[in-house]
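Residue-level structure breakdown
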2 protein chains.
Amino acid sequence: MKHTTIKDVAKKMGVSVSTISRAFNDKYDIKKETRDRILKMAKEMGYSPNPIARKLTQKRSYNIGFVVPEFVNSFFPEVIIGAQEVLLEEGYQVLIMQSDLSWETERKNVKTLVDNMVDGLIVSLTSEEKNNTYYKELISSKMPIVFFNRVVDELSASKVLFDDFKWSFFATEHLIVQGFIDIIHITGTKSLSLTKNRINGFEAAHRKHKLKVGEVIYTGFTTEDGERIAESLIEREVLPKAIFAANDALAIGAMHVFKKNGYQIPGDIAIVGFSESRLAEHISPPLTSVKQPTHDIGRAAAQLLLDQINTTGVFIPQSMVLNGRLNIRESSVKVI
Amino acid sequence: MKHTTIKDVAKKMGVSVSTISRAFNDKYDIKKETRDRILKMAKEMGYSPNPIARKLTQKRSYNIGFVVPEFVNSFFPEVIIGAQEVLLEEGYQVLIMQSDLSWETERKNVKTLVDNMVDGLIVSLTSEEKNNTYYKELISSKMPIVFFNRVVDELSASKVLFDDFKWSFFATEHLIVQGFIDIIHITGTKSLSLTKNRINGFEAAHRKHKLKVGEVIYTGFTTEDGERIAESLIEREVLPKAIFAANDALAIGAMHVFKKNGYQIPGDIAIVGFSESRLAEHISPPLTSVKQPTHDIGRAAAQLLLDQINTTGVFIPQSMVLNGRLNIRESSVKVI
DNA sequence: TTTGTTTTCGGAAACGTTTCCGAAAAAATA
DNA sequence: TATTTTTTCGGAAACGTTTCCGAAAACAAA
């Protein structure tokens, strides 16, 4: 553990500590030759500046914190990869933490990240209420932060969003124009605004086509939730003709129990999902779903964060909303 | 940014800085009452010790670093969740970094984690050669570290392993006993020892049953690799009767193009995968696969790491090998 | 050569803690 | 009460850097 320190190099070379520091920080007030000499010697001695000590005096750590609510679905990993692409390019390292769908651990996560002096944060919320005041403090303390996917209007920070209303609208309209009536919308956590937006899109599509708006069922966002809902639906005996799920996991779970119970998809029930997952096209039948540009979401978030970090004056939060695509597959096309 | 510091509280309360420090570190040599008084006041003033400064003098950060080669497949996220369960319990925070299958960024990842003074590391390698000497230095510098899944024998550290040989053996035997001959093994990166072990298991099963050992095809670990291999197989015109893939992603990719080209599974080709993914049972036909105890792998790794951290004397590296299960599903049962 | 500028560097304070050492205060013992 | 022991606390050094300030050295201008 006898790490070589800046003093060791200074002593060895007979120069002052500050000179070594200057050499490493590429300051203007040092002679080229001595800098090269120092750098060479430092490398020989296996010295590199201690980042902890450095952070104590400086402001920057070149670390970015990334907090996601979960990451077993590939959605969040994919946006992280996108963000990491642009961040690494700029010399930043990305520290990831996952909140396990708990706002308490989310809170702890961003705290440890802040404690470790990250230069900025990219976060997607587990809940839109619980940590609000905490985030407000954070924002007013000038910590650069951008939210994505799961955001809250109340917080004045940069955000990258998806037009949930629009694509929910398109997805249900796709069902409607094929003649499906009696469509049910299964959705996740009630408190998230993306949930509300998708519901609004679902209902708007009905209204546009002068249809009685379909039922909305709340549950979680997991495959198991989808299975549970499907089972309860089957017990009703009168099944809907189509289901629009707020999430591929839900759709797949539901599909699973429908198939197990002998229902044909899309013959008996048509299904469309959201936030296209990797398996959408591999499952049987292939699942119609709204594809979000995960990669681009990450890249955009990273870019907004960098903008904020590099802004010296007051920063005006920016919001971007990205576009998606409805990938129509077998699970939702009416058999004639 | 005018964070309240320990001095502020000291001044405000008319006591020395060291007393405040003692109050926060629960030292024996402070009077109960003054400690309570200090803690209360500190809370009022919104003070909490700066972890960076603290790290400079202390050794512990209560942060654990987790480095994985990728995380869009749910395998790694699941083991992280398992590890996080036991680590959070003990008051540690888990910082995750992903290497994007590049050993260079893996290198950078563990470096920044070490720079941030994590108390220990849990890592799964991208390559078993490239960073060896680096890890050796790290280990000899007494950094607690445990490897899992993708490990290298040469490194003397704790490891948690899966018996790839055994389960590969069982998987191919499952194919063999049903009368499939002409089985091909598709596998990933050649340099990983888990690859070798799975090949050995594959071959051993053949030998046990006195069969000519099947062909082994090397590729990557992604769905796309599986698709590519399947296409090249189709061009051969004489297809194998069964495929054992070293990975569910490979299996699913291959299955996809076989189905697209009108082949029946398992009628024309039977398929079994490995490291069961979430989609195995949802895909069509449901995929036979070897299930690894992802959760337990994480828990075990975390436990081994904690053991090492809490050992004061010399630590003797431990290895654990965990058990799996072959989940037989439709994709590999011979149709009669 | 003298004076003025610029370049290059050293000394020391600062960042926010912890910890060692010793002293004052309190308690226990004689 | 006098002495010893224990408890509680303050002062200061240390952790490894960066940065401010000023001085020495080098150079340019007069």
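Here the residue numbering is sequential within each chain, running from 1 through the sequence in written order. By the order in which they are written, chains take letters starting at A while ligands take numbers starting at 1. Note on the predicted model: pLDDT of at least 70 is required for a residue's local features to be given, and 80 or more for side-chain atom pairs to be given and counted; whole-chain, interface and lining totals, by contrast, use all residues. With hydrogens and water stripped out, all remaining heavy atoms of the structure feed into the side-chain values.

This next bit is on the protein's contact with DNA strand C. We call a residue near a molecule or strand as soon as one heavy atom of that residue lies within 4 Å of the molecule or strand. Around DNA strand C, the surrounding shell holds 29 residues, and the nearest of these are A:T19, A:R22, A:T57, B:I6 and B:S21. In the interface set of DNA strand C, defined as its atoms within 4 Å of the protein, sugar plus phosphate atoms amount to 60%. Nitrogen and oxygen atoms within 3.5 Å of one another constitute a polar contact, given that in protein one can donate a hydrogen and the other can accept it, and given that sequence-neighbouring residues count only through two side-chain atoms. Here A:S18 contributes a side-chain N or O atom positioned 3.4 Å from a base oxygen of DNA strand C. Contacts to DNA strand C include B:S21, whose side-chain N or O atom sits 2.4 Å from a phosphate oxygen. Counting residues per element, the ones that place at least two in the surface near DNA strand C are α2 (17-25) and α4 (51-57) of chain A together with α2 (17-25) and α4 (51-57) of chain B. For the surface near DNA strand C, the element with the most residues is α2(B), which contributes five residues. Gly is placed with the polar residues, together with every amino acid not listed as nonpolar (Ala, Val, Leu, Ile, Met, Phe, Trp, Tyr, Cys and Pro) or charged (Asp, Glu, Lys and Arg). The residue inventory of the surface near DNA strand C, partitioned by class, reads nine nonpolar, 14 polar and six charged. Every helix listed is a DSSP run of H or I at least four residues long, and every strand listed is a run of E at least two residues long, numbered separately from the N terminus.

Glancing now at the domain arrangement of chain A. All names here are of chain A. Taken domain by domain, chain A comprises domain 1 (6-49), domain 2 (63-161 + 294-322) and domain 3 (164-292 + 326-332). Averaged C-alpha coordinates put domain 2 and domain 3 at centres separated by 29 Å. If you look at the interface, domain 2 gives 11 residues, while domain 3 gives seven residues. Taken together, both faces of the contact between domain 2 and domain 3 bury some 930 Å²; the carbon and sulfur share is 44%. When the buried area of domain 2 at its contact with domain 3 is split by residue, E128, N149 and R150 rank highest and sum to 40% of it. Any carboxyl oxygen of Asp or Glu within 4 Å of a side-chain nitrogen of Lys or Arg constitutes a salt bridge here. Remark: the boundary between domain 2 and domain 3 carries one salt bridge. E78 serves as the salt-bridge partner of R278, at 3.1 Å between the closest nitrogen and oxygen. Connecting domain 2 to domain 3 are two residue pairs in polar contact (both at pLDDT 80 or more). Looking at the side of domain 2 that touches domain 3, the elements that each hand over two or more residues are α5 (75-89) and α12 (294-310). Note that domain bounds follow an automatic or database assignment of domains. Residue contacts are counted whenever heavy atoms from the two residues lie within 4.5 Å of one another. The term buried area refers to how much accessible surface (probe radius 1.4 Å) is lost by two components on association, counted for both of them together.

By definition here, a helix of n residues has an expected span of 1.5 Å times n minus one. Its 13 residues place the ends of helix α6 (residues 103-115) of chain A 18 Å apart at the C-alpha level, agreeing with the 18 Å of an ideal helix rising 1.5 Å per residue. In this scheme, a residue with accessible area under 20% of its type's maximum is buried, one over 50% is exposed, and one in between is partly exposed, where area comes from a 1.4 Å probe on protein chains only. Looking only at α6(A), the buried set comprises A:T105, A:E106, A:N109, A:V110, A:T112 and A:L113. For α6(A), the angular spread of the buried residues around the axis is 160°, confining them to a single face. The secondary structure elements touched by the buried residues of α6(A) are β1 (63-68), β2 (93-98), β3 (120-123) and α7 (132-140) of chain A together with α5 (75-89) and β2 (93-98) of chain B. N-capping of α6(A) is provided by A:S102, with a side-chain oxygen placed 3.2 Å from the backbone N of A:E104. Residue A:M117 follows α6(A) closely and has a positive phi angle near 60°. Regarding the arc, it is the one traced by the directions from the helix axis to the C-beta atoms.

All right, on to the packing of aromatic side chains then. Geometry of aromatic contacts follows a simple scheme: Phe, Tyr and Trp rings, the Trp one being its six-membered ring, pair when their centres are within 6.5 Å, and the pair is stacked under 30 degrees between planes, edge-to-face over 60, tilted otherwise. Under the criterion given, the structure shown has 29 aromatic pairs over all chains. Summarising the aromatic geometry, the rings of B:W167 and B:F170 are spaced 5.2 Å apart at their centres and angled 85° between planes, so their arrangement reads as edge-to-face. In this pair, B:W167 and B:F170 both sit in helix α8 (residues 164-177), three residues apart, roughly one turn of the helix. In this structure B:W167 comes out as buried when scored by relative accessible area, which is 9%. Put simply, the rings of A:F66, A:F75, A:F76 and A:F148 touch in pairs and so form one group of aromatic residues.

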